[in-house]
There are 2 protein chains.
Amino acid sequence: MTGHAHPKTPGPGRAPDQAPPAVKPLRRDAVRNHQLVVEAAREVLSEFGTDASMELIASRAGVGVGTVYRRFPNKEALVDEIAGLMLRELTEVARRSLALPDGTGLERFLRVLGNSLAEHRGYADKLVGHSKASCVEVLRDRIAELLLQAQESARIAPGVELGDIMALIWGLRGIVETSGAVVPDAWRRQLDIQLAGLRAATVPADSPPAVTRAQLRQIGTGAAGTAGTAAES
Amino acid sequence: MTGHAHPKTPGPGRAPDQAPPAVKPLRRDAVRNHQLVVEAAREVLSEFGTDASMELIASRAGVGVGTVYRRFPNKEALVDEIAGLMLRELTEVARRSLALPDGTGLERFLRVLGNSLAEHRGYADKLVGHSKASCVEVLRDRIAELLLQAQESARIAPGVELGDIMALIWGLRGIVETSGAVVPDAWRRQLDIQLAGLRAATVPADSPPAVTRAQLRQIGTGAAGTAGTAAES
DNA sequence: GATGAAACGGAACGATCATTCCGGAAGCCA
DNA sequence: TGGCTTCCGGAATGATCGTTCCGTTTCATC
């Protein structure tokens, strides 16, 4: 179903030639358990964060730890898979939002994103720095498009850059992380306020420049580099 | 120096009567080591977060682990002490900011706060939920005063509430946590943008209400309650 | 149904830490 | 300086957790 782990789970129907690797299809129980593990991991990680033990995830799935490790080489890979799920969902949401009229796509996307952050609060920080950097890049590009649309429709002021939207998102995550257990919806009002602000307000002239795309890429690479290199838009 | 651990470190001069508990003053080497431990803990926790081991802190202080445990009952207490230090500094900054003219105190405070969050990124999340709830409360009150001043000087729109400023702060922390290693100053631009937004923008009418004081108290109590009780300003 | 391959479960292993303990060193007071 | 107290260092302890291993079970195929 998710298709990211070691042995691929090929769709039932595929031309009987194709890929040289020719991985055998998983046994029926194996697919079922894989599914169960992914679902359990999603729940557990959402609720307890990435500190939750593998045993907890396994037991929630009604499965032994060994079974989890048969499908995922280690905990990091499992978490990465779950984060990847969220990433794909968000990318899809962004794609659909691009079709919304009047440049409202960005707002719509950010609202869905907020919900998602709140729901998956436990591992939301694993989105940035996901192993598939290209997926993150795609999402970024979509957000950049949404921003452009919003600016063309005058729903966001001209001076605002992609880095600002990303920072807004990081901020939403911070809000959710701090207040999520008590006021799960606190982020909504904050998002409303910020969107209202971004529509009219001009970025103060003496502010530092926005985070560049290069820096965005660097974040999540784990690189703690202090040197910004190239100048970008 | 810090006066929060098990045996108090009384200031050198005190009236030779006073408190019944009559704690003996610490030995000279003990005070020195206490100091070293606190400094080391601050550095290490800032850099590596609260996952840093006690051994690392001890060795950074040039001291054995046992020595750390003589002054602090456990790791939590040590972290709490360090967070308390930051809390007191911020409270002092807020107090002084109250004296600034034209309602600029809040902005000033938030800027200093941002610096502090960035510098102590590793344990900034331990501010909320500090053991001394009253200290947190005091800081909140100061911030509320600063907000009031700012609103009287028309530097912040009327509809903005304390909960909004707190959420802004949680957001700043989120930004710092995500981007801090690569772009330590990313929070500045975001703060500028948000302040500009808060000055003019009105809170959208259909937004959920701001986080209440009761909820603010609840956050950090570790209570994951979903029920909001009383209605407040 | 029989048989070989794949998958399962969960006990066992090893590493990492927080925390404890105690023999020895260092301050304090007379 | 001597004696007593406090403190120090760091090895040892115990718990948690990620990961591995292997005897057993379940599936797919014939």
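Residues numbered from 1 in each chain as written. Chains lettered and ligands numbered in written order. Predicted model: local features only at pLDDT ≥ 70, side-chain atom pairs only at ≥ 80, totals over all residues. Heavy atoms only, no water.

A. Region of interest: the overall build of chain A. Tallying secondary structure elements over chain A gives nine helices and zero strands in all. Counting from the amino terminus, chain A carries its helices and strands in the arrangement α-α-α-α-α-α-α-α-α. Going through the 233 residues of chain A one by one, you find that 48% of them count as buried. Considering only contacts within chain A whose residues lie at least 6 apart along the sequence, 70% involve residues at least 24 apart. For chain A, the accessible surface area stands at approximately 11500 Å², while carbon and sulfur atoms represent 54% of it. (Helix = DSSP H or I, 4+ residues; strand = E, 2+ residues; numbered from the N terminus. Buried < 20%, exposed > 50% of the residue type's maximum accessible area, 1.4 Å probe, protein only. Contact = heavy atoms within 4.5 Å. Areas by Shrake-Rupley, 256 points an atom, 1.4 Å probe, with all protein chains shown as cover.)

B. A look at the interface of chain B and chain A. On the side of chain A, 43 residues touch chain B, which itself brings 42 residues to the contact. Here Arg-189 of chain A and Asp-164 of chain B are joined by a salt bridge, their closest N and O atoms 2.4 Å apart. Taken together, the elements giving at least two residues each to the side of chain B that touches chain A come down to α7 (162-179), α8 (186-200) and α9 (213-218) of chain B. At 11 residues, α7 of chain B tops the list of elements feeding residues into the side of chain B that touches chain A. Residue classes in the side of chain B that touches chain A are distributed as 22 nonpolar, 13 polar and seven charged. (Salt bridge = Lys/Arg side-chain N within 4 Å of Asp/Glu carboxyl O. Nonpolar A, V, L, I, M, F, W, Y, C, P; charged D, E, K, R; others polar.)

C. Fine view of the UniProt feature "DNA-binding region" (unreviewed entry) in chain A. In the numbering adopted here, UniProt assigns the feature "DNA-binding region" (unreviewed entry) to residues 53-72 of chain A. Within residues 53-72 of chain A, the helical portion is 70% and the strand portion 0%, while the C-alpha atoms at the span's ends are 14 Å from each other. (UniProt positions renumbered as here; feature names shortened; annotations may be inferred.)

D. Main features of the packing of helix α1 (residues 28-48) of chain B against helix α4 (residues 75-97) of chain B. Residues and elements named next belong to chain B. Interaxial distance between α1 and α4 falls to 10 Å at its minimum, and their mutual angle equals 85 degrees. Considered as vectors, α1 and α4 are oriented roughly perpendicular to each other. Residues Val-37, Val-38, Ala-41, Arg-42 and Leu-45 of α1 pack against Leu-78, Val-79, Ile-82, Leu-85, Met-86 and Glu-89 of α4. A breakdown of the residues in the contact of α1 with α4 according to their chemical character gives nine nonpolar, no polar and two charged. (Axes fitted to C-alpha atoms, helices over the stretch in contact; angles between N-to-C directions. Parallel < 35°, antiparallel > 145°, perpendicular 65-115°, else oblique.)

E. Up close: empty space enclosed by the protein. Within the structure shown, the criterion is met by two cavities of 30 Å³ or more. Taken together, Ile-193, Gln-194, Gly-197 and Leu-198 of chain A together with Ile-193, Gln-194, Gly-197 and Leu-198 of chain B form the lining of the largest cavity. Listed by contribution, the elements that provide at least two residues to the lining of the largest cavity are α8 (186-200) of chain A together with α8 of chain B. Of the residues that constitute the lining of the largest cavity, the class distribution is four nonpolar, four polar and no charged. Estimated volume of the second largest cavity: approximately 40 Å³. Together, Ile-193 and Ala-196 of chain A together with Val-160, Leu-198, Ala-201, Thr-202, Val-203 and Pro-204 of chain B line the second largest cavity. Across the lining of the second largest cavity, the residue classes break down as seven nonpolar, one polar and no charged. (1 Å grid on protein atoms, 1.4 Å probe; cavity = no way out; pocket = protein on both sides within 12 Å on 5 of 7 lines; lining within 4 Å. Points joined across faces, edges and corners; volume = space filled by probe spheres on them.)

F. Main features of the relation of the copies chain B and chain A. Each copy superposes on the other: chain B lies on chain A with an RMSD of 0.0 Å after a rotation of 180 degrees and an axial shift of 0.0 Å. Look at the turn and shift together and you get a two-fold axis relating the two. Both copies contact each other with a shared surface, as 100% of the interface residues of chain B are interface residues in chain A too. (Least-squares fit on C-alpha atoms with pLDDT ≥ 70 in both.)

G. Representation of the pattern of salt bridges. Residue and element names in this part refer to chain B. Evaluation of the coordinates by the stated rule reveals 36 salt bridges over all chains. Here Glu-137 and Arg-217 are joined by a salt bridge, their closest N and O atoms 3.0 Å apart. Residue Glu-137 is found in helix α6 (residues 133-152), and its partner Arg-217 is found in helix α9; the two are separated by 80 residues along the sequence.

H. How the structure looks around the protein's contact with DNA strand D. In the vicinity of DNA strand D, 23 residues are found, and the nearest of them are Arg-28 and Lys-75 of chain A together with Arg-27, Asn-33 and Thr-67 of chain B. Here DNA strand D approaches the protein such that, of its atoms within 4 Å, sugar and phosphate make up 68%. Between DNA strand D and Arg-27 of chain A, the relevant distance is 2.9 Å, taken from a base oxygen to a side-chain nitrogen or oxygen of the residue. Examining the composition of the surface near DNA strand D, we find that five residues originate from one element, helix α3 (residues 65-71) of chain B, more than from any other. Taken together, the residues of the surface near DNA strand D break down into seven nonpolar, seven polar and nine charged. (Near = heavy atom within 4 Å. Polar contact = N/O pair within 3.5 Å; in protein donor to acceptor, adjacent residues only side chain to side chain.)

I. Main features of the protein's contact with DNA strand C. Taken together, 22 residues are adjacent to DNA strand C, and Arg-27, Asn-33 and Thr-67 of chain A together with Arg-28 and Lys-75 of chain B come closest. When atoms of DNA strand C within 4 Å of the protein are sorted by moiety, sugar and phosphate together comprise 65%. For DNA strand C, a base oxygen lies 3.4 Å from a polar atom in the backbone of Gly-66 of chain A. Arg-70 of chain A is positioned such that a nitrogen or oxygen atom in its side chain is 3.4 Å from a base nitrogen of DNA strand C. Only α1 (28-48) and α3 (65-71) of chain A provide two or more residues apiece to the surface near DNA strand C. No other element matches α3 of chain A, which puts five residues into the surface near DNA strand C.

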